[in-house]
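Structural features, examined
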Amino acid sequence: MKKIFYLLSIIILSSCTKEEKKYAEITINIDNIEFIEVRNPLEDIYIWDMKNDTIYPNKKNKFLFKKEIEKPENITLVIGNERLKCILFPNSKIELAYIDSTLVFKGKNEIGMNMLNDFKRPYFDVNESRKYELDTTSYQITKKIKTHKDRELKSLQNLIDNAQIEKRFAIILKDEINYYYALKTQQIILDKQYQSIPIKEDLIKLLNKTIETYPLNNDYKSSSWLDYADNILLQKPLYELIANASITEDSTQKWYKNDKWHQFQYSLINEYKNPVITEKISANYIINSSKQKNFEKSLVGVFNDFKKKYPNSIYTSYLEPEIEIIEKYHKKISREMPSSVEFIDGKNISTMEQLLEKLNGEKYYVDVWATWCGPCKSEFKFNNELNVVLKSNGYKKLYISLDKAELEDKWKDNIKYYDLNGLHMLANLDFFKHFAQNHSTYKGYVSIPQYLIIDENGKIVTNNAPRPSNLTDLKKILTE
């Protein structure tokens, strides 16, 4: 009897000590949506689009997302054309539904979650930079930032005072606010280098004070953390090297031309003393650079260095497929140019009209592109279907590249890699300028990719033809 009691005691104790799994659940009540995408962080942060889940409706026509988590994390829900931020906690349940044609959160912390998504977060581009162009002192920048930040912190405090959100949610939301505006301060200051080198001393002091106030080794990594960390590990050190003339525009151009720029930047990131943080920023650098589809061979070497330095990295399996693409690219471009590719010498062709004279009464679908244009290259995956449509309607394919003359080898390598069968011309600067003024969809400058349709008489039917990815509309024009 004592033996049985002893065994029962062991079973009870082991079941008590067994760690209980903690889940976060989201239920989404929405009609007329085929699927919902959940973008998850990978070890606290987003690295491009590495870890996505696609959720389909269940038998009750509801979307249910359930995830085991140990600590708070932020995710992004992609529902149709909408993107919503969401903070998950262990053992929490969230609902999301349409109310008066607006997607809103329901349940605990619903007001805080809706407020998070109501925050205006403009992308820091040229237009956003211009808003701070005349702010030349730390006082001016701090004052502007404080106005926006205090408004959000006040809204958060109202929720806390009225007990409308949990304490744990309030802490996370405060981090989201603080690190967003810390990132904004960084961006404004570092952007000043394009107006003046060196940046004024009081602005550098503000930058350093911001970094000191909001450290990188905090427990919760906000949605701004990755860009914030990249500025600290890469962009700030790069600026400092430029400011003290350790690197110049000429030296960076030589490194880039000789494919040594990636290794230099990767090494700069890894000078930071915290290996946990350098691993994340290194992985982010490799994936961002690889996704540009410039196929620099040096990224293979950088990736190999990464594997040696971080042998157990969770990111390696996500980076590997991108590096394999680069390796396949270099294997493919070592082959001869296929016979289905023809060239027009564009050195002495200064206008579109001069080019049309050489097309011998054939109908053409014209693709204006460049090797540095990501969207241009994304369209190439539709070429097989496009070529069938063009052939059935009596059209040939003409590619006009806007690459600089010194990129001729890269241009030809891209033609091989993407199987761009057809007629090709590398435009000169005069052609580029004339095209921008007379045939671009935006007069005065060129926005690519751009597509044109040319009839058998050498006339431009349209300078704004549908893309290869929009074959339905293209077919209508070709068959008119």
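Criteria and thresholds
Residues numbered from 1 in each chain as written. Predicted model: local features only at pLDDT ≥ 70, side-chain atom pairs only at ≥ 80, totals over all residues. Heavy atoms only, no water. Pairing = 2+ DSSP bridges. Helix = DSSP H or I, 4+ residues; strand = E, 2+ residues; numbered from the N terminus. Axes fitted to C-alpha atoms, helices over the stretch in contact; angles between N-to-C directions. Contact = heavy atoms within 4.5 Å. Buried < 20%, exposed > 50% of the residue type's maximum accessible area, 1.4 Å probe, protein only. Disulfide = S-S within 2.5 Å. Lys, Arg positive; Asp, Glu negative; His and termini not counted. Salt bridge = Lys/Arg side-chain N within 4 Å of Asp/Glu carboxyl O.

Sheet analysis places strand β2 (residues 36-39) next to strand β3 (residues 52-55), joined by four bridges and oriented antiparallel. Counted as the bridge partner of V38 is D53 from β3. With three bridges connecting them, β2 and strand β5 (residues 73-79) associate as antiparallel partners. Paired with E37 across the bridge in β5 is V78.

Before going further, it helps to examine the sheet that holds β2. Spatially, β3-β2-β5-β6 is the arrangement adopted by the four strands of the open sheet, whose pairing is antiparallel. Taken across any chain shown, the strands that pair with only one partner, and hence form the sheet edges, are β3 and β6 (82-88). Taken over all neighbouring pairs, the strand axes of this sheet differ in orientation by 25° on average, direction set aside.

Taken together, the six strands give an open sheet; going across it, the order is β9-β12-β11-β10-β13-β14, and neighbouring strands pair in mixed fashion. This sheet does not close on itself; its edge strands, each paired only once, are β9 (341-344) and β14 (460-462). Neighbouring strand axes in the sheet, compared pairwise and without regard to direction, differ in orientation by 30° on average. Here two bridges tie strand β13 (residues 450-454) to β14, and the two strands are oriented antiparallel to one another. Looking at the pairing, I453 lines up with T462 of β14. Contacting β9, β10 (363-369), β11 (395-401) and β12 (422-426), helix α16 (residues 408-417) crosses the sheet at an angle of about 165° to β12.

Structurally, the position occupied by L452 is in strand β13. Residue classification places L452 among the buried positions, given a relative accessible area of 0%. With near-sequence residues (within four places) excluded, L452 lies in contact with M352, Y364, Y365, V366, V368, F435, I460, T462, N463 and A465.

Throughout the structure, instances matching the rule amount to one disulfide. Through a disulfide, C373 is tied to C376; the S-S separation comes to 2.2 Å. Its S-S torsion of about 80° marks the bond between C373 and C376 as right-handed, since a negative value means left-handed. The burial state of C373 is the same as that of C376; both residues are buried.

Along the chain, the position of K149 falls in helix α4 (residues 138-161). Buried and without a salt bridge, K149 has D150 as its closest oppositely charged side chain, separated by 6.6 Å.

Looking now at the pattern of salt bridges. Counting across every chain of the model gives 22 salt bridges. With a closest N to O distance of 3.3 Å, R168 and E166 form a salt bridge. Given the relative accessible area of 22%, E166 is considered partly exposed. With its nearest N and O atoms 3.0 Å apart, the salt bridge here joins K291 to E322.

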